[in-house]
Every structure is written in structure tokens, then in C-alpha cells.
Amino acid sequence: MPPDEDDEFAELRAEEGNAILRLFLEYGRERLLTFVGGAVAAVVQMLMALVPSFVLAIAIDSLFFDTRAFSLPLVPGAWIPGNEGAQFLLAGGLVATSYALSSIFSWANNYLWNSFSQQFQHSVRVDTYDALQRQGVEFFDNRQTGEVMSILNNDVNQLEGFLTNNLNSLITIVVRVGGMGAVMLLINWRLALIPVAAIPALGYLSYWFVETIHPKYQEVRSAVGKLNSRLENNIGGIETLKSFTTEPFETDRVRDSSREYLDAQWDAITTRIKFFPSLQATTAAAYVSVFFVGGWWVVTGTPPHPFFSGGDPTATLTAGTLVLFLNYSRRFVYPMRQMGQIINGYQYAEAAGERIVGLLDDDTRVSAESDGTELEEVEGRVEFDDVNFAYRDEDGEAEETVLRGISFEADPGDYVGLVGPTGAGKSTTMKLLLRFYDPDSGTITLDGHDLADLDLRSLREHVGYVSQEPYLFYGTVAENIAYGVPDHDEAAMHEAAEKAGAHEFVADLEDGYDTMVGERGVKLSGGQRQRIALARTILRDPDVLVLDEATSHVDNETEAVIQNSLETLTEDRTVFAIAHRLSTVRDADQILVMDDGEIVEQGTHGELIDGDGLYANLWHVQVGEMEALPQQFVERSLGAE
Ligand SMILES: Nc1ncnc2c1ncn2[C@@H]1O[C@H](COP(=O)(O)OP(=O)(O)OP(=O)(O)O)[C@@H](O)[C@H]1O
């Protein structure tokens, strides 16, 4: 059964098979002793569990019915006491000891294996996370957060589950079922054929069950997923929902999703409740057959068919042996019903392991990160030369070209503005400068070094980026500003906050810099978040600073404060500012006007106004000089909406 036909991470799967074994060898080697200790404990525990029935059979025959002398396998005859009372106590003592040992070894097995698999899981998870975060930005562009999280959660847990539960069940089956089968075969192999024949039947039944229930469980999972995302969407959008008075509509949609879930669950339940009775019926059939054949034999002194005595008319069966056979055959059910789960668990764990190994082995990013030249002193000269770029879809195919023939130069210390209609490619151009993506053709250089030749970490240490929707981490304001600069001093942090126009409002917060910002900064306004993000980048003191509409949410007054500090900020670094509010870039040394993936105009504010092109028209819109706009521009703007 292919366990993951719709595997979103197909391309991550390892080339070679046996992923579990590889991970096991890589991460389990140093804890191999713990693992082997756990396995030995499991074997001893299972063997101990076989003893009571065995001793009971001997006690019945020799103490209760006197049909044979009291003897124990592996115990020298000289050690066996002579009188029945002492023999009875010895038998009872053996049963008690085997139960006690079984409990102790069961504890040891659980302790050792859980400790092994938890440590294993921990190391695999941390390494997988590390490999995951080194993936390129496009990896995350094409996947939902939930999908990515599923590697770290489900896949890693799947492996752990397999190691702790399935492998344990496998040992149980092999030792317990194998042990019981072997004991019975040794005592009376002909009679043993009846219960032993039930083993493959039970195994097959169990496998059939897992095969049948698996797709049904997948449907349940998908129905749960849909129901959850419906609920999540509705609760998240509760204000929109209420303002549109769509409550009845949404209740209907939730009802439909919930009904789908109910149907899927019911389908799985009806299959499940058929399984256990059929398993029990198979075991019961073996049990009843042994009872009839063995019982007949014990009661009448001859078997119901000469086959069971091997044609020997004097062959007898003792009551104790019959009890042992009955006891053992009843106990096949429990371990055997896990057979299917083990196979299923293995398939899942192998698929999960392949994804993890695929991710760990994907060294394309690693070489890109660590092979390049380290930057020392950066002046901040940036040059784009005929750069073309298209985003990739999830199959790695190029989508529509979004940047065409982008060429420009920025001198150290320049303040460069990027303006243009929405979707023109401004953010994309800057993301290439951070090497979130590589251009399809053309080159981008920093101080004359091709970005592709630079060490990625070193590049990003020198190029600061404040995005349109800055992300704040759960923590305090101070932690967020100092993010990535662990050895900052307090004064430097306050200074950065002041330059970003954040100091005043932070000081007014209840706990000042120690105020918690809430998850993703939800407890702050959009403008406040932007200012903290700006302060964070200023504190890093990068040589090249990219502001992607970094002040779009702040009020005019704060923007003036930021503009003021930008003047000092831009003195000794190259700054790129993407702006819709053109006043932000009015004083720029150079303004790049982008439209539909191309630079259509380039110059200072004055030059561009004189040029009377796109920039001049955008400017007229912003200062309210609508009458100055050419008809063509108005028609285009209307058409774009
Ligand atoms: N991750 C992505 N995957 C695919 N296409 C993208 C991605 N990001 C942006 N695009 C597309 O690339 C084009 C340029 O987008 P970009 O964000 O660079 O424009 P922009 O000029 O910064 O726009 P805005 O002013 O609205 O922020 C758009 O058509 C957009 O749909």
C-alpha cells in the first residue's frame, strides 16, 4: 500500500530505501546499548510470561491428578523436593517469581526503549528543523505552514511511535507467539497444529483490517482537517462574518463539514467493530477445536482421530497439557491483532523517514550558504545588470516573468527610492538583493562581488531588511529589538528605537521595553510593529538597508521623525526605500520607477517631474493635482482596477 499517494513533499523523499535503518544507524548508534538492553528486557519479560501456564500444567498433572512425576525442565532432579507439599510451594513460588520478573523486565523495557526513542526523536527533530530552516524562501512560498510543520511533528512522531510501539509489538509477537507455538510443538506437535494454524489466519485478518481501515481513516483525517479549517476561518473572520450577517450561511457550511466528518467516522467505526469479533471468532475456533480434540482424548483415553496420536493406540494426553494448550491458544489474539498495525506503522515510518532523510540530505542550500567569499568591509556599492527573474511553482517550473532587464547602480551611501504601481516588482527586486531568490539571468553585485559567490550568512549580515509586514516574535519589545544582536548594550538599543520613532511610544507602554508584544506582535498597532522592526534593523547597523514600505502604517508625524533620522542613517550606508507615499523618497539621490517588471524611469525627483512620465503622474495623484493627469494615465488606472 502506498501510504502517501498525495505526498506534498514527494521531491524531498530520499533516493535510497531503508530510511529508517539509516536514521537508526545515524542517530541511534551512540545509544545502541540502551536499545539492545530494552530489547533483551522485552525478550526476558515475554519468556517470563510463558512460565505460569507451563508450571500450572505440571502442577495439574503431578500434584492434582498424579499422572506423572513432578519435574521441571532445566531444573536438575536433585533440586526438586521429595514431598508434594514442598513441590506445590515450589510451583507456586515459580509462578510468583515469573510474574515479578515479568513486571520488572517490562518496566526495564519501557524505561530503556522510551528513553532511547525520546532521545532519538529529539536529535532527529532538531536536525530536521535546522535543515528545514536552511531551505530557500521558495520552499516556504509553495507550502502551507501546516504542511511544513507536519514534517517536524507528524513525521518525527511517526518514527518515534514506530520505535516505541511497533517494534515492541514485533518482539511480543515473535517471542510470545513463537515461544508458545514452540512449547506446544515440542510437547505434542500434532495437536499443536490446530492452534498454530490460527497464527497466519490471525495475521492475515489483522493485515486485511489495516488495509481496509487505512483509507477510511484518511478520509476521517481529511474531514477533520476541513472541519477545523472551516472553524478556524470563521472564528478568525468573526468580525467580517458578523458585519455581513452571514451567521446562518456559515452554520450551514459548518453543518455540511460536520456531516462529512460524521459519515467518514461512521464508515470507519462500522469496519472496526467487525474486526474484533472476527479475530475472536478465529481464536475461538482454534480454542474450541483444541478443547474438543484434547478433551475427547483426556476423557476417553484415545484421540478422536489416529492422526493426533500418530497411530499409537497407547498415546495419552494429560489434563495439564490440555490446560496449557487451551491457555496458550487463547493468548494468541492479543499480540496477533497488532500484526497489521506493525506493517502499517512500518510503512508510515518508512515514508516519514524518507522525507526526513531527503530533507537532511538536501545539501544544495548548505553549499550555497557556506562556500562563498566572506565579506569584510562593505562600502555598499550595489549593481544590477540586466536581471531577469520568474518565481517558481511547487514543481520548480518558472511562472510568469516578473522582472525584465533590471539594470541600475547605487553608489555607497546613496539613498535610492523604488516606486511604481502595485505588483510592479519592487519587493521582488529587493528580495534578490538579499538572495532570497537567484536571478534567472543577469548579475547582481555588492562592492563588485557577484552575490552568487558570497557566503550567504555574510551577505545577510551586511544587508538589513525591513519588510512590508514585519514579523515580531513572541517576547518583549526589548527582545524583539535586540533580535539577532545578542551582545548589544542598553543605550544602543534605546538609540535605535529613537531613530525608528519607537522610543516614545515604548516608554509609554505599561512595562516599557519589557512589555510582551503578544503572538506575532498582535498587541501592538501596525505602525508600532513597523517602528520596532525598523529599530531592530537599525541596531544591527547594516551597510546596506532595504526598507520595503517600512513606514506605510505610521502616521505622518512619526514618518517625519523617521525621515529625519533616515538622513543620519543614510549618511554612511546605502539605503533602498520602496514607497507608495512618494514624499518618503522625494529627497532620494536616485528614484527607480518600476512598472510591470521593468524600470521605466530613473532619476531624481526633480528630473522625473520634469520628465512628465509615470512618476510625475503618480506625484500629481498624491498631491491632489488630478487635473494635471493625462487622459491616458487615468484610463489605465481605471482599467487596472
Ligand atoms: N512568492 C511569490 N510567488 C509567486 N509570485 C509572486 C511572489 N511574490 C510576488 N509575486 C508576484 O510577483 C509580482 C511582483 O510582486 P512584488 O511583490 O515584487 O510587487 P511590488 O511592486 O512590490 O508590489 P506592492 O507595491 O503591491 O508591494 C506580482 O505579480 C506578484 O503577484
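Worth saying up front: this structure is predicted, and the values here are computed from it rather than measured.

Engineer: Please clarify how the overall build of the chain should be interpreted in this entry.
Structural biologist: When its secondary structure is counted, the chain shows 22 helices and 10 strands. Expected size for 641 residues packed as a compact globule is a radius of gyration near 26 Å; at 37 Å, the chain overshoots this value by more than 25%. Residues classed as buried in the chain amount to 45% of the 641 residues present. Here the analysis covers contacts within the chain between residues at least 6 apart in sequence; of these, 75% occur between residues at least 24 apart. Approximately 32800 Å² of the chain is accessible, and the part contributed by carbon and sulfur atoms is 54%. A distance of 13 Å separates the average location of the 44 positive side-chain charges in the chain from that of its 98 negative side-chain charges.

Engineer: I would appreciate a short explanation of the side chain of Q121 in the present structure.
Structural biologist: With respect to the element layout, Q121 can be found in helix α3 (residues 84–133). When its relative accessible area of 8% is taken as the criterion, Q121 is described as buried.

Engineer: Honestly, the domain arrangement of the chain in this entry has me stumped. Any pointers?
Structural biologist: Accessible area lost upon the coming together of the parts is a frequently used measure of interface size. If you check the domain split of the chain, you get domain 1 (10–362), domain 2 (382–603) and domain 3 (604–641). Between domain 2 and domain 3, the contact holds 17 residues from the first and 11 residues from the second. Our enumeration of links across domain 2 and domain 3 arrives at 0 salt bridges. Joining domain 2 to domain 3, the criterion identifies 4 residue pairs in polar contact (both at pLDDT 80 or more). At the level of secondary structure, the elements contributing two or more residues to the side of domain 2 that touches domain 3 comprise β9 (590–595) and β10 (598–603). Taken together, the residues of the side of domain 2 that touches domain 3 break down into 7 nonpolar, 5 polar and 5 charged.

Engineer: Just checking my understanding: could you explain the pairing of strand β1 (residues 382–392) for this structure?
Structural biologist: Looking along a regular strand, one sees side chains alternate from face to face of the sheet. Bridge analysis of β1 against strand β2 (residues 398–410) gives 7 bridges, and the strand direction is antiparallel. Of the residues in β2, the one forming a bridge with A390 is T401. Where β1 lies against strand β4 (residues 441–446), 5 bridges are found, and the strand directions are antiparallel. Directly across from V382, in β4, lies its bridge partner L446.

Engineer: Honestly, the site of the ligand in this entry has me stumped. Any pointers?
Structural biologist: The full set close to the ligand counts 16 residues, and T422, K426, S427, T428 and Q468 are the nearest of them. A distance of 3.1 Å is found between an oxygen atom of the ligand and a backbone nitrogen or oxygen belonging to A424. Between the ligand and Q468 there is a distance of 2.8 Å, counted from an oxygen atom to a side-chain nitrogen or oxygen. Considering the ligand on its own, with 640 Å² of exposed area, one finds that the protein chains cover 67% of that surface. When residues of the shell around the ligand are traced back to their parent elements, those giving at least two are β2 and α13 (426–433). For the shell around the ligand, the element with the most residues is α13, which contributes 3 residues. Residue classes in the shell around the ligand are distributed as 5 nonpolar, 7 polar and 4 charged.

Engineer: Would you take a moment to explain the packing of helix α2 (residues 32–64) against helix α9 (residues 319–330) for this structure?
Structural biologist: Working note: a packed helix pair is described by the angle between its axes plus the distance between those axes. As a packed pair, α2 and α9 sit with axes 7 Å apart at the nearest point and diverge in direction by 160°. Here α9 runs roughly antiparallel to α2, going by the angle between their axes. The way α2 lies across α9 gives a crossing that is right-handed. Here L50, S53, F54, L56, A57, I60 and D61 of α2 lie close against α9, whose contacting residues are A319, G320, T321, V323, L324, N327 and Y328. Its residues placed into classes, the contact of α2 with α9 shows 9 nonpolar, 4 polar and 1 charged.

Engineer: Sorry if this is basic, but what is going on with helix α18 (residues 526–540) here?
Structural biologist: The end-to-end C-alpha separation of α18 is 22 Å, in line with the 21 Å expected for 15 residues at 1.5 Å each. Most of α18 is tucked away, with 12 of its 15 residues classed as buried. Among all positions in α18, only G527, Q528, Q530, R531, I532, A533, L534, A535, R536, T537, I538 and L539 are buried. Positive phi appears at D541, one or two residues downstream of α18, with a value of about 55°.

Engineer: Is there a simple way to explain the packing of aromatic side chains in this structure?
Structural biologist: Aromatic ring pairs are defined here through the distance separating the ring centres and the angle between the ring planes. The final tally for this structure, using the stated rule, is 19 aromatic pairs. Pairing F389 with Y391 gives two aromatic rings, centres 5.0 Å apart and planes at 80°, and the pair type is edge-to-face. The exposure class assigned to F389 is buried, which follows from its relative accessible area of 3%. Ring centres 6.0 Å apart and planes at 85° place the aromatic pair F436 and Y465 in the edge-to-face group. Of the two residues, F436 is situated in the loop between α13 and β4 and Y465 in strand β6 (residues 463–466); the sequence distance between them amounts to 29 residues. Taking the ring centre of F307 as reference, the NZ or CZ of R190 above it sits at 5.2 Å.

Engineer: How do you make sense of the UniProt feature "transmembrane region" (unreviewed entry) in the chain when you look at a structure like this?
Structural biologist: The UniProt record annotates "transmembrane region" (unreviewed entry) at residues 32–65, 85–108, 167–187, 193–210, 279–299 and 311–329. End C-alpha to end C-alpha, residues 85–108 measures 34 Å, and it is 100% helix and 0% strand. Helix makes up 58% of residues 311–329 and strand 0%, and the two end C-alpha atoms of the span are 25 Å apart.

Engineer: Would you mind showing me how to read the sheet that holds β2 here?
Structural biologist: Through backbone hydrogen bonds, the strands of a sheet pair up, either in parallel or in antiparallel fashion. Read across the sheet, 4 strands follow the order β2-β1-β4-β5 without closing on themselves; strand pairing throughout is antiparallel. The sheet is open, and its two borders are formed by β2 and β5 (449–450), each paired with just one other strand. On the sheet, α13 packs against β1, β2 and β4 and is oriented at approximately 110° with respect to β1.

Engineer: Would you mind showing me how to read the packing of helix α7 (residues 247–300) against α9 here?
Structural biologist: The geometry of α7 relative to α9 is characterised by a closest axis approach of 9 Å and an angle of 175° between their N-to-C directions. Of the possible angle classes, the one that applies to α7 and α9 is roughly antiparallel. In this structure, α7 contributes T283, Y287, V290, F291, G294, G295 and V298 to the contact, and α9 contributes A319, L322, F325, L326, S329 and R330.

Engineer: Please explain unusual backbone geometry as it appears in this structure.
Structural biologist: Trans peptide bonds make up the majority, and among non-glycine residues the majority have a negative phi. Positive phi, normally seen in glycine, also occurs at R435, with a value near 60°. Turning to its location among the elements, R435 is positioned in the loop between α13 and β4. On the accessibility criterion, R435 (9% relative accessible area) is buried. For D447, which is not glycine, the phi torsion reads 50° and is therefore positive. Here D447 is to be found in the loop between β4 and β5. By relative accessible area, D447 is classed as partly exposed at 22%.

Engineer: Mind showing me how you'd approach the nonpolar core here?
Structural biologist: Among the nonpolar cores identified, the biggest contains 46 residues, and I481, Y513, L547, V585, I591 and Y615 are the most heavily contacted of them. Here this core gets 6 residues from one element, more than from any other, and that element is α18. Two domains share this core, each providing at least three of its residues, namely domain 2 (382–603) and domain 3 (604–641). The residues touching Y615, leaving out its near neighbours within four places in the chain, are V419, L582, I591, V593, E601, H605, L608 and I609. Counting 36 residues, the second-largest nonpolar core is a separate cluster that includes I173, A192, F209 and I342.

Cut-offs and rules
Residues numbered from 1 in each chain as written. Predicted model: local features only at pLDDT ≥ 70, side-chain atom pairs only at ≥ 80, totals over all residues. Heavy atoms only, no water. Helix = DSSP H or I, 4+ residues; strand = E, 2+ residues; numbered from the N terminus. Rg over C-alpha atoms; globule rule 2.2 N^0.38 Å. Buried < 20%, exposed > 50% of the residue type's maximum accessible area, 1.4 Å probe, protein only. Contact = heavy atoms within 4.5 Å. Areas by Shrake-Rupley, 256 points an atom, 1.4 Å probe, with all protein chains shown as cover. Lys, Arg positive; Asp, Glu negative; His and termini not counted. Charge placed at Lys NZ, Arg CZ, Asp CG, Glu CD. Domains from an automatic or database assignment. Salt bridge = Lys/Arg side-chain N within 4 Å of Asp/Glu carboxyl O. Polar contact = N/O pair within 3.5 Å; in protein donor to acceptor, adjacent residues only side chain to side chain. Nonpolar A, V, L, I, M, F, W, Y, C, P; charged D, E, K, R; others polar. Pairing = 2+ DSSP bridges. Near = heavy atom within 4 Å. Axes fitted to C-alpha atoms, helices over the stretch in contact; angles between N-to-C directions. Parallel < 35°, antiparallel > 145°, perpendicular 65-115°, else oblique. Left-handed = near helix turned anticlockwise from the far one by under 90°. Expected span 1.5 Å × (residues − 1). Phe/Tyr/Trp six-rings, centres within 6.5 Å; stacked < 30°, edge-to-face > 60°. Lys NZ or Arg CZ within 6 Å of the ring centre and 35° of its normal. UniProt positions renumbered as here; feature names shortened; annotations may be inferred. Core = buried A, V, L, I, M, F, W, Y, C linked by side-chain atoms within 4.5 Å.

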